[in-house]
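Structural features, examined
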Amino acid sequence: MTGYSPPVKDSHCGGCGTPYPADARSPAGPWPRTCAACGHTAYRNPLPVAVALLPVTGPDTTGLVVITRDIPPRRGGVALPGGYIDHTEDWRHAVVRELHEETGIRADERDVRLADALSSPDGHLLLVGLLPSRPEADLPPSVPTDETRGHHVLRAPGELAFPLHTEAVRDWFAGRYR
């Protein structure tokens with residue numbers, strides 16, 4: 001199709017489809033946006049992500065459960081188990097759901113406590129859920145999932161796939177969340 005360009009994300013009203021004025025069409029354009037045709041106001045809200053901090057105790061050290069990503073972005077990178085919070089989902093439920101989906105480890109959402117809430121410049125809001133520690137011997141075997149190459153225990157802080165994960169891990173190892 002000659003001359004066709006797909007619309008730019010957030011360039012049209014989500015209520016009626018009317019294009020916003022040219023100066024508001026870029027993702028960085030003015031927010032909130034109110035549609036001149038239908039009056040619908042759109043807000044640029046952060047994307048909420050829930051991650052699990054699951055401490056595990058071993059014979060000599062305590063560490064955290066992490067996964068190796070097998071999906072973009074940052075395929076092959078080490079990260080905390082986590083993901084987007086579904087619409088109407090409680091963030092604590094998202095923590096244990098993502099932990100189970102990515103590691104096979106089960107946890108009770110009633111045991112999750114908020115360790116931190118971190119914001120990134122790219123518009124993500126990371127809710128860090130801390131779970132009670134458990135013995136490493138009680139973890140299920142590490143197996144690949146739809147999104148991971150498996151899980152392992154991180155025994156010292158290091159650079160993770162995402163800066164906010166790195167920050168949360170560093171703070172946990174420093175004793176900030178205990």
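Values in this document were obtained by computation on a predicted structure and should not be read as measured data.

A general feature of soluble globular proteins is that nonpolar side chains tend to end up buried together. The biggest cluster of nonpolar side chains holds 18 residues, and the ones touching the most others in it are Leu53, Leu80, Leu126, Val128 and Tyr177. Residue assignment for this core shows that the elements contributing at least two residues are strand 3 (47-53), strand 5 (62-69), strand 8 (113-119), strand 9 (124-130) and helix 2 (163-173). Apart from residues no more than four positions distant in its own chain, Leu126 is found in contact with Val49, Val51, Asp116, Ala117, Leu118, Leu164 and His165. Ala52, Ala94, Leu127 and Leu131 belong to the second largest nonpolar core, which has 17 residues in total.

With that out of the way, let us pick up the side chain of Arg69. Within the secondary structure, Arg69 sits in strand 5. There is no salt bridge for the buried Arg69, and the closest opposite charge comes from Glu102, which lies 5.4 Å off by N-O distance. In terms of polar contacts, Arg69 uses its side chain to reach the backbone carbonyl oxygen of Pro72, at 3.3 Å. Apart from residues lying up to four places away in sequence, Arg69 is in contact with Arg74, Arg75, Gly76, Gly77, Ala79, Glu147, Thr148, Arg149, Ala161 and Phe162.

Attention now goes to unusual backbone geometry. In most cases, non-glycine residues show a negative phi, while peptide bonds are predominantly trans. With omega at -10°, the peptide bond leading from Trp31 into Pro32 counts as cis. Counting through the fold element by element, Pro32 comes out in the segment before strand 1 (33-34). In this structure, Pro73 follows Pro72 across a cis peptide bond, with omega equal to -10°. Phi at Arg74 is positive, roughly 65°, even though this residue is not glycine. Following the sequence through the fold, Arg74 ends up in the loop between strand 5 and strand 6 (78-79). Overall, Arg74 belongs to the partly exposed group, its relative accessible area being 46%.

Any two aromatic rings considered together are summarised by their centre-to-centre distance and by the angle between their planes. In the structure shown here, the tally under the stated rule is one aromatic pair. A ring pair is formed by Trp172 and Phe173, whose centres lie 4.9 Å apart and whose planes are at 85°; its orientation type is edge-to-face. Its end group placed over the ring of Trp31, Arg33 keeps NZ or CZ at 3.9 Å from the ring centre. Just above the ring of Trp172 sits the side chain of Arg178; from NZ or CZ to the centre is 4.3 Å.

So, about the sheet that holds strand 7 (residues 82-84). The strand order 7-3-9-8 describes an open sheet built from four strands, whose pairing is mixed. Unpaired on one side and paired on the other, strand 7 and strand 8 mark the two borders of the sheet. Strand-to-strand twist across the sheet, computed as the mean angle between neighbouring axes with direction ignored, equals 20°. Note that strand 8 and strand 9 share six bridges and pair antiparallel. Pairing of Asp116 across the sheet is with Val128, part of strand 9. Lying over the sheet, helix 2 contacts strand 3, strand 8 and strand 9, oriented at roughly 140° with respect to strand 8.

Scoring rules and cut-offs
- Residues numbered from 1 in each chain as written.
- Predicted model: local features only at pLDDT ≥ 70, side-chain atom pairs only at ≥ 80, totals over all residues.
- Heavy atoms only, no water.
- Core = buried A, V, L, I, M, F, W, Y, C linked by side-chain atoms within 4.5 Å.
- Buried < 20%, exposed > 50% of the residue type's maximum accessible area, 1.4 Å probe, protein only.
- Helix = DSSP H or I, 4+ residues; strand = E, 2+ residues; numbered from the N terminus.
- Contact = heavy atoms within 4.5 Å.
- Lys, Arg positive; Asp, Glu negative; His and termini not counted.
- Salt bridge = Lys/Arg side-chain N within 4 Å of Asp/Glu carboxyl O.
- Polar contact = N/O pair within 3.5 Å; in protein donor to acceptor, adjacent residues only side chain to side chain.
- Phe/Tyr/Trp six-rings, centres within 6.5 Å; stacked < 30°, edge-to-face > 60°.
- Lys NZ or Arg CZ within 6 Å of the ring centre and 35° of its normal.
- Pairing = 2+ DSSP bridges.
- Axes fitted to C-alpha atoms, helices over the stretch in contact; angles between N-to-C directions.

Read these as layout, nothing more, since geometry by itself doesn't imply function.
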